[in-house]
Amino acid sequence: MTTPRTGGSDPAAIAAGSAPSGAGGTAADGRCPPVAEVVVDIVAPDVDRVFHFLVPPGLRDRLEVGHRVTVPFGPRRVEGTVVGFTEQPGVPPERLRPIAALRDPVPVLTPALIDLARWMEDRYLCLFVQALRAMLPPGARGDRVRLAPRRWVRLLLDPAEARHRAETLARRAPRQAAVLERLAQAAPAAVPQGPLLAAAGAGPEAVKALARKGWVAVEEREPEPDEPAAASEPAARPPALTPEQAAAWRRLEAALAAVLGDAAAGDAPPSGGGVAARRGRGTGPGAARGGPAPEPAAFLLHGVTGSGKTEIYLRAIAAALARGRGAICLVPEIALTPQTVARFRARFGSRVAVLHSAMTPAQRLATWRAIRAGRKPVVVGARSAVFAPVPNLGLIVVDEEHETSYKQEEAPRYHAREVALARARLEGAMVILGSATPAVETYHRALEGELGLLELGRRIGERPLPAVEIVDMRREFGLGHRALFSRRLVDLLRQRLAAGEQVLLFLNRRGYHTVLLCRECGFVLRCPHCDVTLTVHQLASGRRVCRCHYCDHRQVPPALCPRCGGVALHPFGLGTQKVEEAARRLFPGARIQRMDADVTARRGTHEAIYRRFAAGQIDILIGTQMIAKGWDVPGVTLVGVVSADTALHMPDFRRQERTFQLLEQVAGRAGRGPRRGLVLIQTYSPDHPCLQAVARHDYRAMYRLEAAERRELGFPPFGHLIRAVVAGPERAPVEQAASRLAAAWRRAVDEAAVPGARVTPAAPAPIERLRGRWRWHVLARAVDGAALRAATRAVMERLREAWPRDVQVQLDVDPFSML
Ligand SMILES: Nc1ncnc2c1ncn2[C@@H]1O[C@H](COP(=O)(O)OP(=O)(O)OP(=O)(O)O)[C@@H](O)[C@H]1O
Ligand SMILES: [Zn+2]
Ligand SMILES: [Zn+2]
């Protein structure tokens, strides 16, 4: 990487994530200071800082923070983003080179989003440019997507007059006449030029000729995002709230009024300036550690499935709109169904913009622009919608806030919930996190008072939650019933099939791990250091070894069960295919369908199976996580969890939280019709407190359990975790580099005396080879997250010199996946 001669800024101004050095847009006289701070679009640590460029005279009254520009960079030209201005570049201005061009007349990012990128850089140890990139709309970089403005033609004559002139033109200029006819039909509305010309069988010269005569005008318009034709104006009237909802709403409404101001007074037009003013109230990123604000600006809405959480979101959004503020509602990608979108459109009509992954880049860009311009103050979308450039943002809702899909698994490795909270603090907005099974981290914050806690314990219409029954598979085994299905499950299946009711058989299958489980007593082999399950690996020699994926502890599988001394200690793991075979053998006449990643690899299969199931054409559906979410089939009266053990013994410190979430989700599929549902859980650990909590639908019990263990081990929320993955094409250099990193990291946390810090030895990642690359990892843990990040940043700086060429380090702060 060539270092450009134009540099010379102080990188610390950015790297420290401190106060922006002069952000804020153009000065009061409309002219910006003479030197712009630009971050170039090159993802490399050594150029990840601001560079200074002169603002040429032609741009002095136009350039703003957030503008995309082209700048000279060494011998090349590159694109970049203006992140601030300065009067004192540190070098004489005559040594600076000027900005070459403005790429987009509209500033693509807002000053608030640039502040958010700084926060992300600090919080996720990513590059500033990576954080900025995550926020850019498609097509903002390079020229791949272009949004040509659309031309619209408007008639300037009275329609009758136009028809008259068309008649006189018919012989001499039949195409102009045809255009006039059609415009007269559409008047007073303007007509898009493309379809107009096609319908009239004319070319663009016909319109030009008419425009020269002064009979029509051509207007250029921003293309509108694609929208269903019916998305006109809101029709739905909000239902009257239930007493429980009303109680939650009263508290929220008061907080909304406190944070966003009065509905009448706050009707300010969207502007960047308001952001800086609101930021002054001490709600900046630093305020996070300062404890709860006088009035909570963020809430956890903990409500069981079907308790009417969405109705609360809709009201809060309406309240933000009434104050002239915009809102973002994040939903997991999988929940971004037409039904969800329809609910928002029914309430807010054409003010709703939807961002989802199936959109083409051009559609996304059109939508993005409409949001940026303030034409769509309500944004509904998946993870990345947290960056939607809503002007004057007043509210961010994160629905199903516990969902792991909010965690981005590539750089910048952010969590949308955390970004939402940070963004809201920067922009003086409110946050509502909603879930039936909140993340332990989130619930902990609510108990600490950092979040207001709102609870909805009942379903709308008082529909009961399904009953849960646990089957002790050790007992079945002891009595000589060694099949996959317990006798109780077989009985229930037979009953349901006879009654014409539907069944879901659920299996939590993560292909990569097999635990060592005693079928007599339910014992599972764990790591002595990390309290996670050991995973059984088959070596090339045919021997087996048990390994910890956190610290690489290894041991030979014991021949006898250490707890009961029995001989039934074996690798345990089940696939959907085995379950399907077993079901077909037992019930040859039943209509059985399997649904897992293999089956649904083909596009559309998922929907097709869902439709058949919903139509009652499948008796038993067997599946993995995929069937746990969002399905609403009233015919389902039984959910069989074939084995809760795989989930319960996942080598993951969040396993109990995950198990609870997963089983509550699946349980939520049963009994949505008139008949109460039953959930049958098969397990070798029937007394496991987590399963007992599931049986009582007792979220708090699970929380207490999980919190006690995590507190002990310093896992989140009682400590912070950073994972480094070291990857490269050859094994030996990767292993060496990972060991070096682990040693240097340990020294760094020792030197900095980071409280409670621990660094594991380098270990092969559970997925040791991925796309031809070897992967090792190191985990660091500490109570003080900020101190741990600072030490980590220092290590990375130090190791950058003399680091092997083709070996990369990826840092994941607060990791979810340990694979
Ligand atoms: N106050 C109310 N009066 C009548 N019906 C309501 C009321 N509130 C919500 N509903 C209806 O009850 C159903 C469940 O509500 P909603 O979808 O808001 O619950 P939820 O908690 O978001 O559910 P989930 O967790 O499954 O997403 C919906 O059909 C909704 O329209
Ligand atoms: Zn045993
Ligand atoms: Zn371990």
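Residues numbered from 1 in each chain as written. Chains lettered and ligands numbered in written order. Predicted model: local features only at pLDDT ≥ 70, side-chain atom pairs only at ≥ 80, totals over all residues. Heavy atoms only, no water.

The chain appears in an unreviewed UniProt entry as Replication restart protein PriA from Thermaerobacter composti. Under the UniProt heading Subunit (unreviewed entry), the entry covering the chain gives this text: "Component of the replication restart primosome." (UniProt positions renumbered as here; feature names shortened; annotations may be inferred.)

Participant: Looking at this model, I keep getting lost on the environment of Glu-751. Mind explaining?
Facilitator: Looking at the secondary structure, you find Glu-751 in helix α23 (residues 731–751). The class for Glu-751 is exposed, based on a relative accessible area of 57%. Sequence-wise, Glu-751 and Ala-791 are 40 residues apart; in three dimensions their C-alpha atoms are separated by 8.8 Å. (Helix = DSSP H or I, 4+ residues; strand = E, 2+ residues; numbered from the N terminus. Buried < 20%, exposed > 50% of the residue type's maximum accessible area, 1.4 Å probe, protein only.)

Participant: How should the coordination of the zinc ion (ligand 2) be read in this particular structure?
Facilitator: Geometrically, a metal with four donors at the corners of a regular tetrahedron has ideal angles of 109.5 degrees, and one with six donors at the corners of a regular octahedron has ideal angles of 90 or 180 degrees. The coordination sphere of the zinc ion (ligand 2), as far as protein atoms go, consists of Cys-518 (SG), Cys-521 (SG), Cys-561 (SG) and Cys-564 (SG), spread over 2.2 to 2.3 Å. Bound by four donor atoms, the zinc ion (ligand 2) shows angles of 106 to 113° at the metal and therefore tetrahedral coordination geometry. Positions of the donor residues of the zinc ion (ligand 2) along the chain correspond to the pattern C-x2-C-x39-C-x2-C. A residue pair is termed long-range when its members are at least 10 positions apart, and Cys-518 in strand β18 (residues 515–518) and Cys-564 in the loop between β21 (554–555) and β22 (569–572) qualify at 46 residues. (Donors = N, O, S within 2.8 Å, 3.2 Å for Na, K, Ca; no water. Tetrahedral: all angles 85-135°; square planar, octahedral: opposite > 155°, others 65-115°.)

Participant: I'm lost on the side chain of Arg-654 in this one. Help?
Facilitator: Mapped onto the elements of the fold, Arg-654 is located in the loop between α19 (645–648) and α20 (655–667). With a relative accessible area of 2%, Arg-654 lands in the buried category. Other than its neighbours up to four places away in sequence, Arg-654 contacts Glu-441, Glu-706, Arg-710, Pro-815 and Phe-816. (Contact = heavy atoms within 4.5 Å.)

Participant: Hey, could you run me through the confidence of the model for the chain in this one?
Facilitator: Regions with low pLDDT should not have their predicted coordinates read in detail. Chain-level pLDDT for the chain is 84 on average; 87% of the residues reach the 70-or-more range. Mean pLDDT values over the elements of the chain span from 30, in helix α1 (residues 12–15), up to 98, in strand β10 (residues 326–330). For this predicted complex, the interface confidence comes out at an ipTM of 0.95, alongside a pTM of 0.80. (pLDDT = per-residue confidence, 0-100.)

Participant: How should I be thinking about the nonpolar core in this particular structure?
Facilitator: One broad trend across soluble globular proteins is that nonpolar side chains are buried collectively. Core analysis: the biggest nonpolar cluster contains 138 residues, and Leu-63, Leu-116, Val-379, Leu-741 and Trp-745 have the highest contact counts within it. Looking at which element gives the most residues to this core, the answer is α23, with nine residues. Contacts of Trp-745, omitting those with residues within four sequence positions, involve Ile-722, Ala-724, Val-759, Val-778, Ala-780, Thr-792 and Val-795. (Core = buried A, V, L, I, M, F, W, Y, C linked by side-chain atoms within 4.5 Å.)

Participant: Can you help me understand the pairing of strand β24 (residues 620–623) in this one?
Facilitator: Regular strands have side chains that alternate between both faces of the sheet. Alternating positions in β24 separate into two faces, Ile-620 and Ile-622 on one and Leu-621 and Gly-623 on the other, with burial throughout. Two elements, strand β17 (residues 502–507) and β24, share four bridges in a ladder whose sense is parallel. Across the sheet, residue Leu-504 finds its bridge partner in β24, namely Leu-621. Looking at chain direction, strand β23 (residues 592–595) and β24 are connected through four bridges and run parallel. Within β24, the position partnered with Met-595 by the bridge is Gly-623. (Pairing = 2+ DSSP bridges.)

Participant: What is the right way to look at a positive patch on the surface in this model?
Facilitator: On the surface, Arg-172, Lys-208, Arg-212 and Lys-213 cluster together into a positively charged patch. Assignment of secondary structure puts Arg-172 in the loop between α4 (159–169) and α5 (174–186). Take Arg-172: its relative accessible area is 69%, and that puts it in the exposed class. (Patch = residues over 30% accessible without salt bridge, like charges linked within 9 Å, V, L, I, M, F, W, Y side chains within 5 Å. Areas by Shrake-Rupley, 256 points an atom, 1.4 Å probe, with all protein chains shown as cover. Salt bridge = Lys/Arg side-chain N within 4 Å of Asp/Glu carboxyl O. Lys, Arg positive; Asp, Glu negative; His and termini not counted. Charge placed at Lys NZ, Arg CZ, Asp CG, Glu CD.)

Participant: What exactly am I supposed to notice about empty space enclosed by the protein here?
Facilitator: Taken as a whole and judged by the stated rule, the model has four cavities of 30 Å³ or more. In this structure, the largest cavity is lined by Cys-530, Asp-531, Val-532, Phe-653, Arg-655, Glu-706, Glu-709, Arg-710, Leu-713 and Phe-715. Each pocket or cavity is described by its volume, and for the second largest cavity that value is around 50 Å³. In terms of lining residues, the second largest cavity is bounded by Cys-530, Tyr-550, Phe-715, Leu-721, Arg-758, Thr-760, Leu-779, Ala-780 and Arg-781. Examining the composition of the lining of the second largest cavity, we find that three residues originate from one element, strand β30 (residues 773–782), more than from any other. Looking at side-chain class alone, the lining of the second largest cavity contains six nonpolar, one polar and two charged residues. (1 Å grid on protein atoms, 1.4 Å probe; cavity = no way out; pocket = protein on both sides within 12 Å on 5 of 7 lines; lining within 4 Å. Points joined across faces, edges and corners; volume = space filled by probe spheres on them. Nonpolar A, V, L, I, M, F, W, Y, C, P; charged D, E, K, R; others polar.)

Participant: Even after reading the chapter, I still don't get the UniProt feature "binding site: Zn(2+) 1" (unreviewed entry) in the chain, so can you show me in this structure?
Facilitator: If you check UniProt for "binding site: Zn(2+) 1" (unreviewed entry), the listed places come out as Cys-518, Cys-521, Cys-561 and Cys-564 in our numbering. A maximum C-alpha distance of 8.7 Å among these annotated residues, which run over 47 residues, shows that they cluster at one spot. Inspection of the secondary structure assignment puts Cys-521 in the loop between β18 and β19 (535–538). Among the residues examined, Cys-521 registers a relative accessible area of 12% and is labelled buried. Residues contacting Cys-521, with those up to four places away along its chain left out, are Arg-474, Cys-561, Arg-563, Cys-564 and Tyr-684. For Cys-564, a relative accessible area of 37% gives the class partly exposed.

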